[in-house]
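Each chain, letter by letter, is given below.
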Number of protein chains: 2
Amino acid sequence: MRLSRYFLPVLKETPSEAQIASHRLMLRAGMIKQSSAGIYSWLPMGFKVLKKIETIVHDEQMRAGHIPMLMPTLQSADLWKESGRYDDYGKEMLRISDRHGRDMLYGPTNEELITDIFRSHVNSYKDLPLTLYHIQWKFRDEVRPRFGVMRGREFYMKDGYNFDLTKEDALHAYNRHLVSYLRSYERMGLQAIPMRADGGPIGGDYTHEFLVLAETGESEVFYDSDVTDLSFGDREIDYDSVEQCQGVLEEFTTKYARTDETHDEAAFNDVPEERRRTARGIEVGQIFYFGTKYSEALGAKVQGPNGKPTPVHMGSHGIGVSRLLGAIIEASHDDKGIIWPEGVTPFHCGIVNLKQGDDEADAACNQLYAALTAAGLEPLYDDRKERAGGKFATMDLIGLPWRITVGPRGLKNGVVELTSRRTGESVELSPEEAVKKVAEIYAPHMTSRGF
Amino acid sequence: MRLSRYFLPVLKETPSEAQIASHRLMLRAGMIKQSSAGIYSWLPMGFKVLKKIETIVHDEQMRAGHIPMLMPTLQSADLWKESGRYDDYGKEMLRISDRHGRDMLYGPTNEELITDIFRSHVNSYKDLPLTLYHIQWKFRDEVRPRFGVMRGREFYMKDGYNFDLTKEDALHAYNRHLVSYLRSYERMGLQAIPMRADGGPIGGDYTHEFLVLAETGESEVFYDSDVTDLSFGDREIDYDSVEQCQGVLEEFTTKYARTDETHDEAAFNDVPEERRRTARGIEVGQIFYFGTKYSEALGAKVQGPNGKPTPVHMGSHGIGVSRLLGAIIEASHDDKGIIWPEGVTPFHCGIVNLKQGDDEADAACNQLYAALTAAGLEPLYDDRKERAGGKFATMDLIGLPWRITVGPRGLKNGVVELTSRRTGESVELSPEEAVKKVAEIYAPHMTSRGF
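An account of the accompanying structure is given in this report. No experiment lies behind these values; they were computed from the predicted model shown.

## Overview of the packing of helix α11 (residues 359-374) of chain A against helix α14 (residues 431-442) of chain A
Residue and element names in this part refer to chain A. Remark: α11 packs on α14, axes separated minimally by 10 Å, with the N-to-C direction vectors making an angle of 30°. The orientation of α11 relative to α14 falls into the category roughly parallel. In the crossing of α11 with α14, the sense of the turn from one axis to the other is right-handed. Note on element contacts: α14 touches α11 through P431, V435 and V438, opposite L368, A371 and L372. Across the contact of α11 with α14, the residue classes break down as six nonpolar, no polar and no charged.

Structural data, given as structure tokens:
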């Protein structure tokens, strides 16, 4: 993309309404614009990152054998009355009346709807196990929406639901989700620590939240510092293997790591003192096993091997897709702007032309642009007639991990400059070497299969 | 995908509520499930086709230089009061009151919101031309929703908006949209004829609707049969070239083709009698140039070259993404089921194992599955223990364009059978040749670049 043809309305001034870094930086970098309280338009660069995150989530869910579908944003109130949650949900549920006066609502979650789909179509234990998921806009009518996309009213979320014949099978589904979530967050360049959590209104004994450590996190967290050394890495996993998935769960959840809701001072004190940590965390996902709670309430039963109707064991599992943009920025920025991890960056590489209008510099930039594109990468070429200082400031603000700077002086020596946004370090390379280097850096991230 | 692990709830019986073929077939093929009047859940196979269509639309819009973004589903009523359309829109607009009693609505279209984004961020003619678009769920509270996704209440639509300094520039944007729409529909295997249309509530003198000819179409259409011979084909186009885009417009819109709304009997009679056709059509898109109507009403002005504030020339351009599934099926089915065009088929190729459980047949199917996957294709392998007749009926119903049938008798001779869903014709080939043939067929369709 050439910046002269893009829509990237960066702001010079820091918007006064933004209290935290991610909100401030998303506004300043022209990624979002509030359209009404807690509701945002995703401007082109914000939308691009949202799609990158969504693509990773889809990719890892499909890899785990979970099946994508899509439920609507608006739901009839009837199913919620049947499950008993219509009255429980309070004012955070946006209730709507259509032209015929029917009670509708903007779905805050989808346990009822998915269970209805299940009970309409699945009759036999032979059709299990089954895990369905979708990524869809949801609405939660917060009293005081704030922190930008971190606590918006209209938000984008992946929610998945497993249906299993037995508790053992459902716990395997739980473990599969844990593994696929660890992989997803790592691909986004995030460390998200699974922590024992509280069931809350969804209920359930088995539940873990995934938290990203950040000063602005809404939860206080307590953990054994050993958990921050864990990483899934590029190991292979067979999602059909109960042992392998259970092994990952144990590896990642045995050490102490809890939010304030489930914190147990005595257990925490068993952690050697030098490894005890207290910090703040941002919740970016949660997994639940809640047994037969919804299947009993909504009559989701299958004919079991014994021929008898058997309520299925369910769980629900969520990733906050739109919220993740905020979490990633909270975890990865400096005073100049955002620092995107390679896995989610909106463009792979910036190109800064130090002397726009100079024939040689323009030609070199155009060649770099073509070569990066031919390598399957997406560069953002700042081809505006602006001072170098302004171009660097924009690149630092929007946070592309790599920048190639092209100027007449370097070109005389046959080199351009490749700079890391994270470290600020630069190396001089021939244009061909620079393209090769950038392509190598991104090779591990070009793995999504799409639809 | 192995069918034993998929969620494809095909129905044996024809649902009584479905009046037209596409609605009936989408229900029978387990693609959608109504959750409330005019609101559908997209079951896995329906969702997959929806994504294929969405991907083509994104791909062709980006190719035309239009910039993707995303506006929210819910909007504040304020902007609509400012434009004067809040009262005009009537009961089809779903009006919502949030917990603080603020007037909101579920967006039926986005002229107001995009114009607000534009006026907040763009100040100079130097930032033009600019075309922004998004694909988002919209809501239209129809009195009598019917025909499945063809006339649902919650529907998925691409809408794009161009902002230009002059009428000439805006008409070039109009032409770019026409070209990109022709390309999009052709990639979906559809012939959609641009017809002179009526501005309706959006207004505008220049507007064309794109219609797919089908008996169940909601519009009566009148056209010169020569228009059905036109095709964009695989010609190259330079979207920056005013002449090229204008040339395509003239080629595709000079011959008589109008809906009943704009039909002109006298002009129609100038068409040689043997080429005059009357038929029915399904509207799958519409493009508008409406001048400065919204920019004046909402104060979207830029500083012109003369230094004076100048209202921008705008147009809006829509493709009915969810509706297209219905339109494609209406245009392409037979009495056994759907016949997907290659460009949008949910799976590229079916594999039918005639003797599930037979070691040799199972091994051959597994090898085919692996080879097709390695070739970048997505097969659907019916690995259920069911009679061959049932497997064929399911494949015919769900309409994958190509099927490979594997049985012990063929394997003895080293062959499998490759069958075209459209013609019913079969050829015997070695498994390797069958994979090669299918890969060749799909090569022209594997062109989307994604995000």
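What follows continues from the structure just given.
## What about the interface of chain B and chain A?
One frequently used descriptor of interface size is the decrease in accessible area upon assembly of the parts. On the chain A side, the residues contacting the 59 residues of chain B number 59 residues. Taking both sides of the interface into account, the surface hidden between chain B and chain A amounts to around 5200 Å²; carbon and sulfur atoms contribute 64%. In this assembly, chain B and chain A are joined by six salt bridges. Ionic pairing is found between R5 of chain A and D240 of chain B, a salt bridge with its closest N-O pair at 2.9 Å. At the boundary of chain B and chain A, one finds 18 residue pairs in polar contact (both at pLDDT 80 or more). Ranked by residue count, the leading element in the side of chain B that touches chain A is helix α2 (residues 44-63) of chain B, at seven residues.

## Here we look at the relation of the copies chain B and chain A
Rotating chain B by 180° and translating it 0.0 Å along the rotation axis places it on chain A, where the RMSD comes to 0.0 Å. Here the two chains are linked by the operation of a two-fold rotation axis. Using C-alpha coordinates, one finds that chain B approaches the rotation axis most closely at I96 of chain B, a distance of 3.0 Å.

## Remarks on unusual backbone geometry
That bond from L128 of chain A to P129 of chain A is cis: its omega, 0°, falls within 30 degrees of zero. Its place among the elements puts P129 of chain A in the loop between α5 (111-121) and β7 (130-139). The phi torsion at F147 of chain B lies on the positive side, around 60°, for a residue other than glycine. Its location among the elements puts F147 of chain B in the loop between β7 (130-139) and β8 (154-164). With relative accessibility at 25%, the residue F147 of chain B sits in the partly exposed group.

## A closer look at the pairing of β7 of chain B
Residue and element names in this part refer to chain B. Of all ten residues that make up β7, ten are buried, and the element is covered over most of its length. In β7, alternate side chains face the same way, and those of L130, L132, H134, Q136 and K138 on one face and T131, Y133, I135, W137 and F139 on the other are all buried. Here β7 runs beside β8; their pairing, made up of ten bridges, is antiparallel. Its bridge partner lying in β8, W137 is registered against Y156.

## What to know about the sheet that holds strand β5 (residues 94-97) of chain B
Sheet strands line up and pair through hydrogen bonds in the backbone, either parallel or antiparallel. Residue and element names in this part refer to chain B. In space, the three strands of this open sheet follow the order β4-β6-β5, with antiparallel pairing throughout. Unpaired on one side and paired on the other, β4 (74-76) and β5 mark the two borders of the sheet. Ignoring which end each strand starts from, the neighbouring axes of this sheet average 35° apart. Pairing of β4 with strand β6 (residues 103-106), which is carried by three bridges, proceeds in the antiparallel orientation. Looking at β6, one finds that L74 is bridged to Y106.

The rules we used
Residues numbered from 1 in each chain as written. Chains lettered and ligands numbered in written order. Predicted model: local features only at pLDDT ≥ 70, side-chain atom pairs only at ≥ 80, totals over all residues. Heavy atoms only, no water. Axes fitted to C-alpha atoms, helices over the stretch in contact; angles between N-to-C directions. Helix = DSSP H or I, 4+ residues; strand = E, 2+ residues; numbered from the N terminus. Parallel < 35°, antiparallel > 145°, perpendicular 65-115°, else oblique. Left-handed = near helix turned anticlockwise from the far one by under 90°. Contact = heavy atoms within 4.5 Å. Nonpolar A, V, L, I, M, F, W, Y, C, P; charged D, E, K, R; others polar. Buried area = accessible area lost by both parts, 1.4 Å probe. Salt bridge = Lys/Arg side-chain N within 4 Å of Asp/Glu carboxyl O. Polar contact = N/O pair within 3.5 Å; in protein donor to acceptor, adjacent residues only side chain to side chain. Least-squares fit on C-alpha atoms with pLDDT ≥ 70 in both. Buried < 20%, exposed > 50% of the residue type's maximum accessible area, 1.4 Å probe, protein only. Pairing = 2+ DSSP bridges.

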